[in-house]
Structures are given as structure tokens and as C-alpha cells.
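The lines below spell out each chain.
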Amino acid sequence: MTLVCDLLGGTIEYVGEGRKTETLEAFYRTLSTEQKNGIRAVAMDMWDPFFQATLRHVPEAHEKIVFDRFHIMGYAGKAVDTVRKKESREGGAPELKGSKYLWLYAKENLPEAQKERFEALRSLNLKVGRAWTMREDLRSLWKRPKRSGNAGSGGPLTAA
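Residues numbered from 1 in each chain as written. Predicted model: local features only at pLDDT ≥ 70, side-chain atom pairs only at ≥ 80, totals over all residues. Heavy atoms only, no water.

Caption draft 1: Examining the packing of aromatic side chains more closely. Here the structure, examined in full by the defined rule, presents 5 aromatic pairs. Ring geometry for F27 against Y28: centres 5.5 Å apart, planes inclined by 50°, an arrangement best described as tilted. Considered together, F27 and Y28 belong to a single accessibility category, that of buried residues. A connected cluster of aromatic rings, assembled from ring pairs, spans Y14, F27 and Y28. Over the ring of W47 we find R19, and its NZ or CZ is 4.8 Å from the ring centre. Here the guanidinium or amino end of K78 rests over the ring plane of Y75, the centre of that ring lying 5.7 Å away. (Phe/Tyr/Trp six-rings, centres within 6.5 Å; stacked < 30°, edge-to-face > 60°. Buried < 20%, exposed > 50% of the residue type's maximum accessible area, 1.4 Å probe, protein only. Lys NZ or Arg CZ within 6 Å of the ring centre and 35° of its normal.)

Quick look at the structure:
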């Protein structure tokens, strides 16, 4: 299913069957030119059909598309694990054996019983440690204060 919501209004604007370019395009075709021009942001997952449909139908979409935190952080977590696997395979850090799940935790969620081992691993100046730190820095972007004010008419949409 494709679900389009108005995030400011808290309303469901469209429900379509399937997750295809055509499904989201059917929604965009229901909008007037004025309504499409009023769209300030489109939050979506990283599903290429939604991306392509939005680029075709929303004016200046390349400046309005915002990928959702869940998917961005999912990719960042996979990247940390890829670095860990590669570093472990290359044999440069035997201490990494059995540490997979430690690197998947957010700093504040690390179990107390694992903190000492994790800090010891981080102190080794490993590539995976740097990758984990970059992921944590990325996570911190969502903790930054939001801008206030209303920049223009229309509201943000989300497609999921």
C-alpha cells in the first residue's frame, strides 16, 4: 500500500494499492498545479519509485525531498557492520570477534555489562570505531532544535 499523509494537518490524504511509481503518480494527478506548488517538503523512504514520481510531479522536488530517519539510520547501521566485517576479515583486529551487536547499539542503549568491552574496542582506533562515531554523529542531527516559523503555504507530505 502507498499512504500519503499531511504531516501538519495530521490527515491521511491518499491510500493506493501497491508501491509503484504509478501508485504515487495517481495521487499527484489529483492535485491542482497550485496545490503541487504549495508542497514545501515530501518526507519518504528511499524507495526509488516514490522518488521518481515526486521528481516528475512536484515543482523543485529535488529541493523538497526529505528521506526519513528510520531508513537513513538503517543504511548507516549497515555501513558500520560492513566496515566491521571487512576489518575483521582482513585480520587486523582479532578483538572484533563476537562484537557485531556492540556496534549496532546507540551509545545510550549499550547494555551496562558491555560498556567496558565496548570502550576497550573503541580505544583501539579501529575503522569500525570511526564508522560507529560517524553514525552517532548522524543520529545527533535529529536531536538538533527545529527551525520555527512557517516558510510559505502548503504543508509537508509523507509517502510511505
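Caption draft 2: Focus on unusual backbone geometry. Positive phi outside glycine occurs at E60, with the angle close to 55°. With respect to the secondary-structure elements, E60 resides in the loop between α3 (48-57) and β4 (65-67). Despite not being glycine, N125 has its phi angle at roughly 55°, a positive value. One can find N125 in the loop between α6 (115-122) and α7 (127-140). Assessed through its relative accessible area of 58%, N125 is described here as exposed. (Helix = DSSP H or I, 4+ residues; strand = E, 2+ residues; numbered from the N terminus.)

Caption draft 3: Up close: the pattern of salt bridges. If you walk through the whole model with that rule in mind, you get 9 salt bridges. Across the pair R56 and E25 runs a salt bridge, and its minimum N-O distance is 2.7 Å. Placement of the pair is R56 in helix α3 and E25 in helix α1 (residues 21-29), with a sequence separation of 31 residues. On the accessibility criterion, E25 (12% relative accessible area) is buried. E108 is the salt-bridge partner of R139, the closest N and O atoms lying 2.5 Å from each other. Remark: E108 occurs in the loop between α5 (100-104) and α6 and R139 occurs in helix α7; sequence separation between them is 31 residues. With a relative accessible area of 11%, R139 lands in the buried category. Within the structure, one salt-bridge network assembled from shared partners comprises E108, R135, E136 and R139. (Salt bridge = Lys/Arg side-chain N within 4 Å of Asp/Glu carboxyl O.)

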